[in-house]
Amino acid sequence: MKKITILVFLFSAMICFAQEEEGYWQSNWALGPHLVISFPQSEFANVSKTGEGIGGKLLYRLGNTSFLNPRLDFTYLSYGEQKNSQTFSVGYFLVQTRNESFQLTVGPQFSTKIGRFTPYLAPMGGLYIYRTVVSIPELAYYYGIPAAETTQSLTRLGWNINAGVMFDVGLGPLIDFSLRYQTINGAVKTKVKDVTIKSDAKDIDISIGVVFFLKQE
């Protein structure tokens, strides 16, 4: 996962910096690939370790102002893999367990330009999906038989608040760094005797990436 994340990010960055300078917000659409690191504050859906992955943000300029921009975020996070050998009727196989998350959120981004810096604040909400996938890679590698099963899945609504800053390096794209605090509704289940109590999960994300403006005809 680490190698894929780094390659995707470097490829996206190369595309971004290959653009000619177009100026700030001279296009109505902006797109940004990001690296994301997640720090869950509680255990939920088998997520108890630091996660890492890739994300993207899509911005749209309303009218002639860049102060208020509708924003859509997509994030994929991997919380690590565990491998162990298990015995089946046909022999020993390596079983891989992977915890992962898909997140899709929307909301407004409020920003203001101060010289080369553009600080922003974005309250957002959307869908959070966490799942545990168990697979047997050897079956696919040696026999061409895909063997993967989602053993646990959790889908919840949630909200977050983003605070960040974009920096204009003078090449068109902007360097983007942000901190995100998230609340996922009812994701934590605590069992006390025979009673299951649900509570909200908390998560803190750090992301760094680039934002570039889509060319208009």
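Residues numbered from 1 in each chain as written. Predicted model: local features only at pLDDT ≥ 70, side-chain atom pairs only at ≥ 80, totals over all residues. Heavy atoms only, no water.

What follows concerns the packing of aromatic side chains. The geometry of an aromatic ring pair is captured by two quantities: the separation of the ring centres and the angle between the planes. Overall, the coordinates contain seven aromatic pairs when judged by the stated rule. Here Trp29 and Tyr60 contribute two aromatic rings whose centre-to-centre distance is 4.6 Å and whose plane-to-plane angle is 55°, an arrangement assigned as tilted. Here Tyr60 lies in strand E2 (residues 51-60) and Trp29 lies in strand E1 (residues 29-40), a separation of 31 residues in the sequence. Residue Trp29 is classed as partly exposed on the basis of its relative accessible area of 38%. Each residue in the set Phe44, Tyr79 and Tyr130 is aromatic and connected to the rest through ring pairs, giving one cluster. (Phe/Tyr/Trp six-rings, centres within 6.5 Å; stacked < 30°, edge-to-face > 60°. Helix = DSSP H or I, 4+ residues; strand = E, 2+ residues; numbered from the N terminus. Buried < 20%, exposed > 50% of the residue type's maximum accessible area, 1.4 Å probe, protein only.)

Side chains that differ in sign of charge can pair as their charged atoms come close. Tallying each qualifying case throughout the model produces six salt bridges. As a salt-bridge pair, Asp73 and Arg71 come within 2.8 Å of each other at their nearest N and O atoms. As far as burial versus exposure is concerned, Asp73 and Arg71 are alike and both buried. A salt bridge links Arg180 to Asp205; its shortest N-O distance comes to 2.7 Å. With a gap of 25 residues between them, Arg180 in strand E7 (residues 174-192) and Asp205 in strand E8 (residues 195-213) connect regions that are remote in the sequence. (Salt bridge = Lys/Arg side-chain N within 4 Å of Asp/Glu carboxyl O.)

What follows concerns the side chain of Asp203. By the element assignment, Asp203 lies in strand E8. For the buried Asp203, which has no salt bridge, the nearest side chain bearing the opposite charge is Arg180, at an N-O separation of 6.3 Å. A distance of 3.4 Å separates the side chain of Asp203 from the backbone nitrogen of Phe39, its partner in a polar contact. Discounting residues that sit within four places of it in the chain, Asp203 has contacts with Ser38, Phe39, Pro40, Gln41, Tyr79, Arg180, Tyr181, Gln182 and Ile184. (Lys, Arg positive; Asp, Glu negative; His and termini not counted. Polar contact = N/O pair within 3.5 Å; in protein donor to acceptor, adjacent residues only side chain to side chain. Contact = heavy atoms within 4.5 Å.)

So, about the environment of Ile175. Position of Ile175 among the secondary structure elements: in strand E7. A relative accessible area of 29% places Ile175 in the partly exposed class. Taking the C-alpha atoms as reference points, Ile175 and His34, separated by 141 residues in sequence, lie 9.9 Å from one another.

The topology assignment puts Gln103 in strand E4 (residues 91-111). There is a polar contact of 3.3 Å between the side chain of Gln103 and the side chain of Ser101. Separated by 3.5 Å, the side chains of Gln103 and Tyr130 make a polar contact. Sequence-distant contacts of Gln103, defined by excluding residues within four places in its chain, comprise Asp73, Phe74, Thr75, Leu77, Leu127, Tyr128, Tyr130, Arg180, Gln182 and Asp205.

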